[in-house]
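Observations on the model geometry
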Amino acid sequence: MDDAVIIGSGPNGLAAAVTLARAGLRVRVLEAAPSIGGAARTLPLTIDGYRHDVGAAVHPLALASSFFRAFQLDRRVSFAIPEVSYAHPLAGSRGGLAYRSLQRTAAQLGKDGTAWRHLLGPLAAHIDEISDFTAKQMLRVPRYPVSAIRFALRALEQGGPAWDLRFREDTAPALLTGVMAHNIGRLPSLPSAAVGLVLAGHAHARGWPVPIGGTQSIIDAMADDVRAHGGIIEAGVEVQSLRELAGASVVIANTSAKGLARIGAGLLPDQYVRRLGRFRYGNGVAKVDYALSEQVPWSFPGARLSPTVHLGGTRRNMQLAERAVASSDRSKTPYILVSQPTIVDPTRAPRGRHTLWAYMHVPASSPHDPTDIITRAIESHAPGFRDTILASRSHSATQLETIDANLVGGDISSGEISMTQLLSRPVLSPRPWATPVRGVYLASSSTPPASGVHGLAGYYAAVLALKQVHGLDSPPLGLGTER
């Protein structure tokens, strides 16, 4: 008989499994897909010898996550930390670079260098305190109030009508807006500003690391630890109802809020299921994976130095593009995020070759193939790009949900990141991972701290389960309980 069952084997599900298995519980992880990892899988999506990440390939939160730091992920997985965290080409051969070095970044931003340093310097210097504030449930008193206030004031500035007052030229605001647009939503907005400032702060603190061999290496390290502590992981097993797991004292669902409502019907209270049903999902992405004969020939030379490139033009261009998506319209010049991990990790492709993926923002559940738009956009900044393409494979927003059910309508955050849903994710509660049924928990990006490969939602749910069900106040990794 299992003490605990984890539904889903994404980073949050495996973080919960690691925590419970280390506490001595008999743990079983059930994954519906043929292989484990969810959107954190690395698969041969194009041609033999090329390995592609289903989701993110670059992980700003991997070395910053308190769970992964306690787990000592950096000793289990090799990471490459690029000198340039992200690049943003502009017209011609111009552009901006976010070096890991704050000073070097500021030095190439001309008249806006000092503004950039003053905006992001204090965040990078206190990144762990900022992370403590942003990586937990928001209904609580910040442990580091000065850093929380410092962060909040900057988010208010960059998330509102004053967002341009600090800057005098176009490169710095475009560089910042490119990272703010990681949150799919209108610009400017408080949620997008908060997401962008956190990611930009990490870029100048620990950098944006790339796991060698693909994101799957993070999943495999966690799975190995679960098994080493007696846990069992099964792929190809779909849970249709929570009633199937009645013998377990703890059930943690690494599913979307929508997924929990489906499998919890008849067991979870109707009122709670209705609240899950009211949880809103955001717009989505459509993605293309490429196998390339050589590196992308970017016109802006700096883009050749970074695994992450943001395409969207000026701040105003991105504002209009995101407004179009928010209005359920496809922009003719969409924001596109390009990931080229083989710049720092050659293990993902044959010698001298490269892998690349790119996604564009689209309305939720868009069925349209993004290949032509994305290819033309990259070609416009890298003439000759088409000639490097050996193979490609695309997934519309609708198709992404078939790869990972948590990507509802192509929403990579498994729920819109809005001010309301930062406080109520998926319900308004000081412990949003717990459901009204004893021993049943939700631990996915539909709960705090939302999207990203950090494992924290799973860890918080597991710690809560250990306390509420088993009376254990000291979690095995020593990170403390969520208050």
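In what follows, the structure referred to is the one given above.
Please read all numbers here as calculations on a predicted model, not as lab measurements.

1. Some details on the overall build of the chain
Helix and strand counts for the chain stand at 18 helices and 16 strands. In terms of overall size, the chain behaves like a compact globule, its C-alpha atoms giving a radius of gyration of 21 Å where 483 residues would be expected to give roughly 23 Å. Expressed along its principal axes, the backbone C-alpha trace of the chain runs to roughly 65 × 50 × 45 Å. Put simply, the chain has 483 residues, and 61% of those count as buried. Considering only residue pairs separated by 6 or more positions, the chain has 74% of its internal contacts joining residues 24 or more positions apart. Element-wise, carbon and sulfur atoms account for 52% of the exposed surface of the chain, whose accessible area totals about 18000 Å². Taking the 48 positively charged and 37 negatively charged side chains of the chain as two groups, their mean positions are separated by 5 Å.

2. Quick word on the environment of Ser413
Of note, Ser413 is situated in the loop between helix H16 (397-403) and helix H17 (419-423). Taking C-alpha positions, Ser413 is 9.9 Å from Thr447, a pair spaced 34 residues apart along the chain. Leaving out residues up to four positions away in the same chain, Ser413 has contacts with Arg425, Ser445 and Ser451.

3. Here's the deal with the nonpolar core
Leu20, Val27, Phe67, Met222, Ile252 and Tyr441 are the most contacted members of the largest nonpolar core, which totals 49 residues. Here the element with the most residues in this core is helix H18 (residues 456-470); it accounts for 11 residues. In contact with Tyr441, not counting residues within four places along its chain, are Val250, Val251, Ile252, Ala253, Trp433, Ala434, Thr435, Ala461, Leu464, Ala465, Gln468 and Val469.

4. With respect to the sheet that holds strand S10 (residues 250-253)
Strand order in this open sheet of 5 strands is S9-S2-S1-S10-S16, and the pairing throughout is parallel. Of all the strands in the sheet, the pair left with one neighbour each is strand S9 (232-235) and strand S16 (440-442). The sheet shows a mean angle of 15° between the axes of neighbouring strands, taken without regard to direction. Pairing analysis gives 4 bridges linking strand S1 (residues 4-7) to S10, with the strands arranged parallel. The residue bridging Ile7 from the neighbouring strand is Ala253, located in S10. Set on the sheet, H18 makes contact with S10 and S16; between it and S16 the angle comes to about 165°.

5. Details of the pattern of salt bridges
Under the defined criterion, the tally for this structure stands at 20 salt bridges. The salt bridge involving Asp225 is made with Arg22; its shortest N-O contact spans 3.0 Å. With Asp225 in helix H10 (residues 216-228) and Arg22 in helix H1 (residues 11-22), this pair connects stretches of sequence that are 203 residues apart. Ionic pairing is found between Asp289 and Lys287, a salt bridge with its closest N-O pair at 2.5 Å.

Cut-offs applied
Residues numbered from 1 in each chain as written. Predicted model: local features only at pLDDT ≥ 70, side-chain atom pairs only at ≥ 80, totals over all residues. Heavy atoms only, no water. Helix = DSSP H or I, 4+ residues; strand = E, 2+ residues; numbered from the N terminus. Rg over C-alpha atoms; globule rule 2.2 N^0.38 Å. Buried < 20%, exposed > 50% of the residue type's maximum accessible area, 1.4 Å probe, protein only. Contact = heavy atoms within 4.5 Å. Areas by Shrake-Rupley, 256 points an atom, 1.4 Å probe, with all protein chains shown as cover. Lys, Arg positive; Asp, Glu negative; His and termini not counted. Charge placed at Lys NZ, Arg CZ, Asp CG, Glu CD. Core = buried A, V, L, I, M, F, W, Y, C linked by side-chain atoms within 4.5 Å. Pairing = 2+ DSSP bridges. Axes fitted to C-alpha atoms, helices over the stretch in contact; angles between N-to-C directions. Salt bridge = Lys/Arg side-chain N within 4 Å of Asp/Glu carboxyl O.

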